[in-house]
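Chain residues, written in single-letter form:
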Amino acid sequence: MTQSRSASHALGPEQTFGFSTSQVHAGEQVDSGHGARINPIYLSAGFVFDDFDEARARFAGEDDGYMYTRVANPTNAAVERRIAALEHGAGALVVGSGQAAVSVALLSLLRAGDHVLSARRIYEGTRGLLRENFERFGIEVDFVDDANDPDEWRRRIRPQTRVLFGESIANPRNEILDIELVARLGAERGIPLVIDNTLATPYLVRPIEHGAAVVVHSASKFLAGHGASLGGVIVDSGSFDWVGHGLFEHLTRPDAAGGGKSYAQAYGPDAYLAYARHVIAARLGPALSPLHAFLLEQGIETLSLRVERHSANALAVARWLQTRPEVDHVDYAGLESNQGHQLAQRYLAHGFGSVFSFSLKGGQDAAATFIDALQLFSRMTHLGDVRSLAIHAATTSHAHLSGRERDELGIDDGLVRLSVGIEDADDLIRDLQRALTAVADLASDDLVAPHRDHLAATL
Ligand SMILES: *Cc1c(COP(=O)(O)O)cnc(C)c1O
């Protein structure tokens, strides 16, 4: 690899290094001013134009230098190149959170009257965004009950459908999506598949290789990895045909700001990402601070190491939980007994992730006892942190739903979601053991009283 300062991209997405090399080097740009080895934090709202004509040219899009950080920033751009390389995409856009990434990714495709078809079992924040916020914009939303049933997707696609949406590994029950199957159904009709790859990360699966048009992440989770900062990213495959089926008029109609050219004419296969950056993100304004982009980049440099350890720990924890009498079921695709295990083996390269759920036989009382007895696991609504976390879904993330809706999502009263961290697996299991023992004690306390009465009656 060249170390030359004049080499603007020491390692671009076009080069084929392994994942671990790419996570450290892809898209890097050696600082031409001082030779700083680490991507500098350009904490500057705006960028100076050398002269009158440069300002004009930059606004006209004739010169690709920086103008204002809400649109683009050199620190952020380096992180965008790196994530695009890791996902095998053509380009990326970083924004302030995962919710912002999902919002910008979808609003760059949709307008009032359009229809979104999504897997039903997805991150609850995204489901709320689609069901409540998007419905108020006049965007219709439907949910597919069995995300791996091609007939159900086919049956529910309408003439107005403009996006298919799903998660590679679904939150919170670790269901694996057959990405290729859904992507193919969309492609036949010119409809892009947008995949939220937060729980898998590009180390485990790259949805673009399986036909996804766009990938989004909550970068607050595994990518940043340390539970300190929020961020989101949209990755464009650069290979979706936005023109052929005539479904995306905003990308193909002549645009005054583009000198009469459409986004498709001006940006070719990158039309979608350009529109997302210049029209949706720039106007709605969810910019990522360069300071947080820097933290995100620091996290990404160890992604494969962490995800490998996260996954190994999660498998050990899931196997152990499965043997416990207090546990009704464990939802982890890494277990041979899980119905998604074959799909998981087909799609996931180096492990099965570390966010999954399990259910306690004793329902909500058992869950309350369990959660309160944890000492090493943090009681928290977050995931992908180096620390292990636990949360009771029915009384937190899914509390606002009706009992029937929770049933449809498979969220029962005993369900606990874990995000297994990178600590020593033995310590994690000891903590879970202490909490399950408290659950068992609770159950035997319940048994003791009637049992005693029975004894008294027979004496
Ligand atoms: C957390 C999460 C989001 C939202 O991300 P934020 O960074 O918290 O806004 C979206 N999708 C999935 C799958 C998530 O886990």
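Residues numbered from 1 in each chain as written. Predicted model: local features only at pLDDT ≥ 70, side-chain atom pairs only at ≥ 80, totals over all residues. Heavy atoms only, no water.

## So, helix H7 (residues 179-187)
Line of reasoning, step 1. Residues of H7 that are buried: Ile 179, Leu 181, Val 182, Ala 183, Leu 185 and Gly 186.
Line of reasoning, step 2. Taken together, the buried residues of H7 touch helix H6 (150-156), strand S4 (161-167), strand S5 (193-196) and helix H14 (341-347). (Buried < 20%, exposed > 50% of the residue type's maximum accessible area, 1.4 Å probe, protein only. Helix = DSSP H or I, 4+ residues; strand = E, 2+ residues; numbered from the N terminus. Contact = heavy atoms within 4.5 Å.)

## Some remarks on the layout of surface pockets
Line of reasoning, step 1. For the largest pocket, the calculated volume is near 1600 Å³.
Line of reasoning, step 2. As for the largest pocket, its lining consists of 40 residues, and the residues nearest its centre are Asp 64, Tyr 267, Ala 274, Arg 277 and His 278.
Line of reasoning, step 3. Sorting the residues of the lining of the largest pocket by element identifies helix H2 (52-59), helix H3 (74-86), strand S1 (91-95), helix H10 (263-267) and helix H11 (271-284) as the ones contributing at least two each.
Line of reasoning, step 4. With 7 residues, H11 is the single largest residue contributor to the lining of the largest pocket.
Line of reasoning, step 5. Split into classes, the residues belonging to the lining of the largest pocket amount to 20 nonpolar, 8 polar and 12 charged. (1 Å grid on protein atoms, 1.4 Å probe; cavity = no way out; pocket = protein on both sides within 12 Å on 5 of 7 lines; lining within 4 Å. Points joined across faces, edges and corners; volume = space filled by probe spheres on them. Nonpolar A, V, L, I, M, F, W, Y, C, P; charged D, E, K, R; others polar.)

## Focus: the environment of Ser 262
Line of reasoning, step 1. Considering the arrangement of structural elements, one finds Ser 262 in the loop between helix H9 (249-252) and H10.
Line of reasoning, step 2. Along the chain, Ser 262 and Thr 252 lie 10 residues apart, while their C-alpha atoms are 5.1 Å from each other.
Line of reasoning, step 3. With sequence-adjacent residues up to four places away left out, Ser 262 is seen in contact with Leu 251, Thr 252, Arg 253, Pro 254 and Asp 255.

## Some remarks on the packing of helix H4 (residues 98-107) against helix H5 (residues 124-136)
Line of reasoning, step 1. Contact geometry for H4 and H5: axes closest at 10 Å, N-to-C directions at 45°. The angle between H4 and H5 places the two elements in the oblique class. The handedness of the crossing between H4 and H5 is right-handed. On H5, the residues touching Gln 99, Val 102, Ser 103, Leu 106 and Leu 107 of H4 are Gly 125, Thr 126, Leu 129, Leu 130 and Phe 134.
Line of reasoning, step 2. Tallied by class, the residues present in the contact of H4 with H5 amount to 6 nonpolar, 4 polar and no charged. (Axes fitted to C-alpha atoms, helices over the stretch in contact; angles between N-to-C directions. Parallel < 35°, antiparallel > 145°, perpendicular 65-115°, else oblique. Left-handed = near helix turned anticlockwise from the far one by under 90°.)

## Side note on the pattern of salt bridges
Line of reasoning, step 1. On inspection of all chains with the given rule, the structure shows 32 salt bridges.
Line of reasoning, step 2. A salt bridge links Glu 188 to Arg 189; the nearest nitrogen and oxygen atoms lie 3.3 Å apart.
Line of reasoning, step 3. Linking Arg 430 and Asp 427 is a salt bridge whose minimum nitrogen-to-oxygen distance equals 2.6 Å. Placement of the pair is Arg 430 and Asp 427 together in helix H17 (residues 425-458), with a separation of 3 residues, close to one helical turn.
Line of reasoning, step 4. Within the structure, one salt-bridge network assembled from shared partners comprises Arg 120, Asp 145, Glu 152, Arg 156, Arg 404 and Glu 408. (Salt bridge = Lys/Arg side-chain N within 4 Å of Asp/Glu carboxyl O.)

## Focus: H4
Line of reasoning, step 1. The buried fraction of H4 is high, at 9 of 10 residues.
Line of reasoning, step 2. Along H4, the residues that are buried comprise Gly 98, Ala 100, Ala 101, Val 102, Ser 103, Val 104, Ala 105, Leu 106 and Leu 107.

## A few points about the sheet that holds S1
Line of reasoning, step 1. With mixed pairing, the 7 strands of this open sheet are ordered in space as S1-S7-S6-S5-S4-S2-S3. Each having just a single partner strand, S1 and strand S3 (140-144) make up the two edges of the open sheet. Between one strand axis and the next, the sheet turns through 20° on average, direction left out of account.
Line of reasoning, step 2. Where strand S2 (residues 115-119) meets S4, 4 bridges bridge the pair, whose relative direction is parallel. Note on S4: the bridge partner recorded for His 115 is Thr 161.
Line of reasoning, step 3. Taken strand by strand, H5 contacts S2, S3 and S4, and its axis lies near 150° from that of S3. (Pairing = 2+ DSSP bridges.)

## What to know about a nonpolar patch on the surface
Line of reasoning, step 1. On the surface, Ile 41, Leu 43 and Leu 291 cluster together to form a nonpolar patch covering roughly 260 Å² of accessible area.
Line of reasoning, step 2. Mapped onto the fold, Leu 291 is located in helix H12 (residues 290-300). (Patch = residues over 30% accessible without salt bridge, like charges linked within 9 Å, V, L, I, M, F, W, Y side chains within 5 Å. Areas by Shrake-Rupley, 256 points an atom, 1.4 Å probe, with all protein chains shown as cover.)

## Comments concerning the packing of H3 against H12
Line of reasoning, step 1. Viewed as axis vectors pointing N to C, H3 and H12 meet at an angle of 35°, and their least axial separation amounts to 8 Å. In this structure, H3 crosses over H12, and the sense of that crossing is left-handed. Side by side, H3 and H12 meet where Thr 75, Asn 76, Val 79, Arg 82, Ile 83 and Leu 86 of the first sit next to Pro 290, Ala 293, Phe 294, Leu 296, Glu 297 and Ile 300 of the second.
Line of reasoning, step 2. Its residues assigned to classes, the contact of H3 with H12 shows 8 nonpolar, 2 polar and 2 charged.

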